[in-house]
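This is what each chain is made of:
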Amino acid sequence: KQWYQRRVRGRPGDFCYNTTEISTMLEDTKKLIEHGADGVVFGFLTQSRMIDIDSCKTMMQNLPKGFPCTFHRAFDFIHTPENAVQTLKDLGFSRILTTGGGSDVSSSIDTLKELYTAGVTGSVTILPGGGVNESNVICLKEIGFREVHSSCSIYCEDAEYGSLFNKPLPSGQRKTVCPLKVERLCMILQTNE
């Protein structure tokens, strides 16, 4: 069975939300659950780049008990990520999506190793994401990761539309998921080596 988690984000920008935005995100989350989402991905930070515990609790208390929640890449902006793993577990998050704090997973391998150990100790799945590809997924697998987040995207020509809402697309291209990349990543992760 395919397993789908849906990201809930009230707006682009930072991860500091007001009560109105959080209420909207909660309503969106309820609709996603009604329509079959297997889990949700969200994250709240304070202005001082700490986990917004109260906002996270508000979301968690309004979800079905035990509903799978992933703290998203807001984690990469936390000042002390190694200390945050246990806090997120205590709040009820089962996964943490992260690059390891860098621009992508390849630039943060050492931090991801530390987070993997902290996740195993705290019974939270650390989910590497951001620039995951066939080259670096082997290294991630060697660390011990069995799950990753990847767009598996490629650029393709967008000759049919050319522009969207009168805004030109970069070089007439768009990103799309490449099924072959998805297949290869899954094969690498599932191979017992």
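Note: the structure precedes this text.
Residues numbered from 1 in each chain as written. Predicted model: local features only at pLDDT ≥ 70, side-chain atom pairs only at ≥ 80, totals over all residues. Heavy atoms only, no water.

Caption draft 1: Structural view of the pattern of salt bridges. Here the structure, examined in full by the defined rule, presents six salt bridges. In this structure, the salt-bridge partner of Lys30 is Glu27, at a minimum N-O distance of 3.8 Å. Of this pair, Lys30 and Glu27 both sit in helix α1 (residues 19–34), separated by three residues, roughly a single helical turn. Looking at Lys30, the relative accessible area reads 31%, which means it is partly exposed. Residues participating in the shared-partner salt-bridge network are Arg11, Asp14 and Glu21. (Salt bridge = Lys/Arg side-chain N within 4 Å of Asp/Glu carboxyl O. Helix = DSSP H or I, 4+ residues; strand = E, 2+ residues; numbered from the N terminus. Buried < 20%, exposed > 50% of the residue type's maximum accessible area, 1.4 Å probe, protein only.)

Caption draft 2: Molecular detail of the pairing of strand β2 (residues 39–42). Both faces of β2 are covered, namely the face carrying Gly39 and Val41 and the face carrying Val40 and Phe42. Looking at chain direction, strand β1 (residues 5–7) and β2 are connected through three bridges and run parallel. Each residue of the ladder has a partner; that of Gln5, found in β2, is Gly39. Once the chain exits β1 it traverses α1 before rejoining the sheet at β2, and the crossover so formed is right-handed. (Pairing = 2+ DSSP bridges. Right-handed = clockwise from strand over helix to strand, strands pointing away.)

Caption draft 3: Expanded view of the packing of helix α5 (residues 134–143) against helix α6 (residues 179–190). The N-to-C vectors of α5 and α6 enclose an angle of 20°; their axes lie 10 Å apart at closest approach. Judged by the inter-axis angle, α5 sits roughly parallel to α6. Of the two elements, α5 crosses α6, and the hand of that crossing is right-handed. Judged by residue contacts, Glu134, Val137, Ile138 and Lys141 of α5 engage Lys181, Arg184, Leu185, Ile188, Leu189 and Gln190 from α6. (Axes fitted to C-alpha atoms, helices over the stretch in contact; angles between N-to-C directions. Parallel < 35°, antiparallel > 145°, perpendicular 65-115°, else oblique. Left-handed = near helix turned anticlockwise from the far one by under 90°. Contact = heavy atoms within 4.5 Å.)

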